[in-house]
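Reading the structure
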2 protein chains.
Amino acid sequence: MSAEHRNPSEQHRAEARREQILCAAATCFRNHGFHGASIAQISKAAGMSAGHIYHYFDNKEAIIAAIVERDLEYLLTLSARLRAAQDTREAMIEHVTEGVRKSLEPHEAGLKLEVVAEAARNPQVAEIVREADSVCRASLAATLRAIRRADGHHDDEGAIDTMVELLAAMFEGLMIRGIRNPQLDRAAVARRFQATVRQLLTQP
Amino acid sequence: MSAEHRNPSEQHRAEARREQILCAAATCFRNHGFHGASIAQISKAAGMSAGHIYHYFDNKEAIIAAIVERDLEYLLTLSARLRAAQDTREAMIEHVTEGVRKSLEPHEAGLKLEVVAEAARNPQVAEIVREADSVCRASLAATLRAIRRADGHHDDEGAIDTMVELLAAMFEGLMIRGIRNPQLDRAAVARRFQATVRQLLTQP
DNA sequence: GGTTCTAGATTGAACGCTCATTCTATGTTA
DNA sequence: TAACATAGAATGAGCGTTCAATCTAGAACC
């Protein structure tokens, strides 16, 4: 059956297979790291033979790249959702609590840190990560700009960009905090973060 | 020659050899990750045979543990230095610029992120990391408490601990920012961080 | 409707290589 | 000579990857 004659259900099946591999790979990467996880482990977790994985991915690097892309895709949809609440400053401050919870989720944080660590040494992964980060920054900057303007503040581009970096550092740093100090008081941190974000948004 | 008869120069030599291995390992781990770096690579970088490394370390895990400990030892001396400036709030705010610079240093950040990512999955590494983090938090909390009291503020323990978490998240998050967005405006970020820390220290 | 054909899905063994680790032999030095 | 330092080959396991062989399910034809 040639490619152009594939029916929808077959395409769907293939896509499901790919997703199945990516889910298994994400679990393995979380538990053993990108280089610590083997194709044999991934294939076992995905419920298929090792060889069959190579029908869907060229090599292990391609799986890593796909995981990174999938991981960041979620980040992009989140940033889009954030922009939908662009009309109210308070909606953003409300969102802080959920952001703190998400950053502290060890399941999320583990894989994300693995991705960043890999980006620090793998140029191919670094490029994917930086491209996605750039889009997220732009989205967050637009949101901040709207909020600040609505309150009558006049910030130059650089000031907005720097606010974005502070916000990003806070929440990304929280992923590290959750690992280094699992006993931290989540509710108290959420309140403190909320207060800091409010100060940032309302400062002169 | 038995252990109790070793003369100082021999002890020094052995220590130097260990250090030599750790330096080489740090470089390899930075470039390839804990699991991506091989004993063969490390031995080549250290200028000795692969087998000889096993005279100084039981196995690769022990090298990782030693690297983690060495990495965190530096953090502890830094936190001690920070406490020496405990008498003035402004000294701490001054220190922010250096802290930002350090966090953005890709050499430092790469290995530290590798360590945290490993801590997220390796309980042995996690224990070392959490023990060191606990000491650092205590030190930073003492510094904050002193500054706040000197200014006549009365915070409970939890409030101080949460301030510590915010500060830690900001600077640790900056390590991720430096990788995700290498083009960020370092000077502007340093100023913004300084303002945020000042607000944190002087708030009612 | 039943048979044959066919092409993709899937397997599992095999390949060559590299890994962490061990072992043996030799160098060095006090 | 005794005790450690060091090198380098040996070991067996496991790695990523390939590939020939099988399975499966629908298309084509009678």
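For the structure itself, look to the data block above.
Anyway, here's the lowdown on the structure attached to this text. Quick caveat, the model's predicted, so the values are computed rather than measured.

**A short note on the overall build of chain A**
From N to C terminus, chain A includes 9 helices and 0 strands. From first element to last, N terminus to C terminus, chain A shows the α and β order α-α-α-α-α-α-α-α-α. Counting only C-alpha atoms and orienting by the principal axes, one finds that chain A spans roughly 65 × 45 × 30 Å. Across the 204 residues that make up chain A, the buried fraction comes to 48%. The contacts of chain A with a sequence gap of at least 6 include a subset with a gap of at least 24, amounting to 73%. Chain A carries 26 positive and 28 negative side-chain charges, and their two centres are separated by 6 Å.

**What about the nonpolar core?**
Formed by 77 residues in total, the largest nonpolar core has its most connected members in A:F29 and B:F29. Aside from chain neighbours lying at most four places away, what touches A:F29 is A:F34, A:A37, A:I42, A:K60, A:I63, A:I64, A:I67, A:L111, A:E114 and B:R121.

**Observations regarding the packing of aromatic side chains**
Residue and element names in this part refer to chain B. A complete count under the given rule lists 4 aromatic pairs over all chains for this structure. For the ring pair F29 and F34, a centre distance of 4.7 Å and an interplane angle of 75° mean the geometry is edge-to-face. By relative accessible area, which is 0% here, F34 ends up buried. Between F171 and F193, the aromatic rings sit 5.4 Å apart at their centres with planes inclined by 80°, giving edge-to-face as the arrangement. Pair noted here: F171 is in helix α7 (residues 157-180) and F193 is in helix α8 (residues 186-202), with a separation of 22 residues, a long-range link. Here F171 matches F193 in class, with each residue buried.

**Digging into helix α9 (residues 186-202) of chain A**
Three or four residues apart is the spacing at which side chains of an α-helix point the same way, because the helix has 3.6 residues per turn. Between its first and last C-alpha, α9(A) extends 24 Å over 17 residues, near the 24 Å set by a 1.5 Å rise per residue. For α9(A), the full list of buried residues reads A:A188, A:V189, A:A190, A:R192, A:F193, A:Q194, A:T196, A:V197, A:L200 and A:L201. In the core, the buried residues of α9(A) are packed alongside α5 (89-104), α7 (123-150) and α8 (157-180) of chain A together with α7 and α8 of chain B. Put simply, A:D185 is the residue that caps the front of α9(A), since its side-chain oxygen is 3.2 Å from the backbone nitrogen of A:A187.

**A look at the relation of the copies chain B and chain A**
Of the two same-sequence chains, chain B is brought onto chain A (RMSD 0.1 Å, axial shift 0.0 Å) by a rotation of 180°. The operation mapping one copy onto its partner corresponds to a two-fold rotation axis. The rotation axis passes nearest to the C-alpha of B:G173 in chain B, at a distance of 1.7 Å. Taken as a fraction of all interface residues of chain B, those also at the interface in chain A reach 100%, which identifies the copy contact as same-surface.

**Thoughts on the pattern of salt bridges**
Inspection of the entire model under this criterion finds 35 salt bridges over all chains. Note that A:R148 is salt-bridged to A:D155, the shortest N-O span being 3.0 Å. For A:R148, a relative accessible area of 1% puts it in the buried group. Salt bridges sharing partners connect three or more residues here, namely A:D133, A:R137, A:E165, A:E172, B:R177 and B:R180.

**Side note on the side chain of B:Q203**
Mapped onto the secondary structure, B:Q203 falls in the segment after α8. One polar contact links the side chain of B:Q203 to the main-chain carbonyl oxygen of B:L200, over a distance of 3.3 Å.

**A short note on the interface of chain B and chain A**
Contact with chain B, which involves 47 residues of that partner, is made by 48 residues of chain A. Summing both sides of the interface, chain B and chain A together bury roughly 4,100 Å²; the carbon and sulfur share of this comes to 60%. Across the chain B-chain A interface, the total number found is 10 salt bridges. Note that B:E172 is salt-bridged to A:R177, the shortest N-O span being 3.1 Å. The interface formed by chain B and chain A includes 16 residue pairs in polar contact (both at pLDDT 80 or more). Those elements giving two or more residues to the side of chain B that touches chain A turn out to be α1 (8-32), α3 (60-84), α5 (106-119), α6 (123-150), α7 and α8 of chain B. Counted by class, the side of chain B that touches chain A contains 24 nonpolar, 12 polar and 11 charged residues.

**Considering the side chain of A:S139**
In this fold, A:S139 is placed in helix α7. Among residues more than four places away in sequence, those in contact with A:S139 are A:S79, A:A80 and A:R83.

**Some details on the packing of α7(A) against α7(B)**
As a packed pair, α7(A) and α7(B) sit with axes 9 Å apart at the nearest point and diverge in direction by 110°. Classified by the angle between their axes, α7(A) and α7(B) sit roughly perpendicular to one another. Each of A:V129, A:R130, A:D133 and A:R137 in α7(A) lies in contact with α7(B), whose residues at this interface are B:R177, B:I179 and B:R180. Looking at side-chain class alone, the contact of α7(A) with α7(B) contains 2 nonpolar, no polar and 5 charged residues.

How each quantity is defined
Residues numbered from 1 in each chain as written. Chains lettered and ligands numbered in written order. Predicted model: local features only at pLDDT ≥ 70, side-chain atom pairs only at ≥ 80, totals over all residues. Heavy atoms only, no water. Helix = DSSP H or I, 4+ residues; strand = E, 2+ residues; numbered from the N terminus. Buried < 20%, exposed > 50% of the residue type's maximum accessible area, 1.4 Å probe, protein only. Contact = heavy atoms within 4.5 Å. Lys, Arg positive; Asp, Glu negative; His and termini not counted. Charge placed at Lys NZ, Arg CZ, Asp CG, Glu CD. Core = buried A, V, L, I, M, F, W, Y, C linked by side-chain atoms within 4.5 Å. Phe/Tyr/Trp six-rings, centres within 6.5 Å; stacked < 30°, edge-to-face > 60°. Expected span 1.5 Å × (residues − 1). Polar contact = N/O pair within 3.5 Å; in protein donor to acceptor, adjacent residues only side chain to side chain. Least-squares fit on C-alpha atoms with pLDDT ≥ 70 in both. Salt bridge = Lys/Arg side-chain N within 4 Å of Asp/Glu carboxyl O. Buried area = accessible area lost by both parts, 1.4 Å probe. Nonpolar A, V, L, I, M, F, W, Y, C, P; charged D, E, K, R; others polar. Axes fitted to C-alpha atoms, helices over the stretch in contact; angles between N-to-C directions. Parallel < 35°, antiparallel > 145°, perpendicular 65-115°, else oblique.

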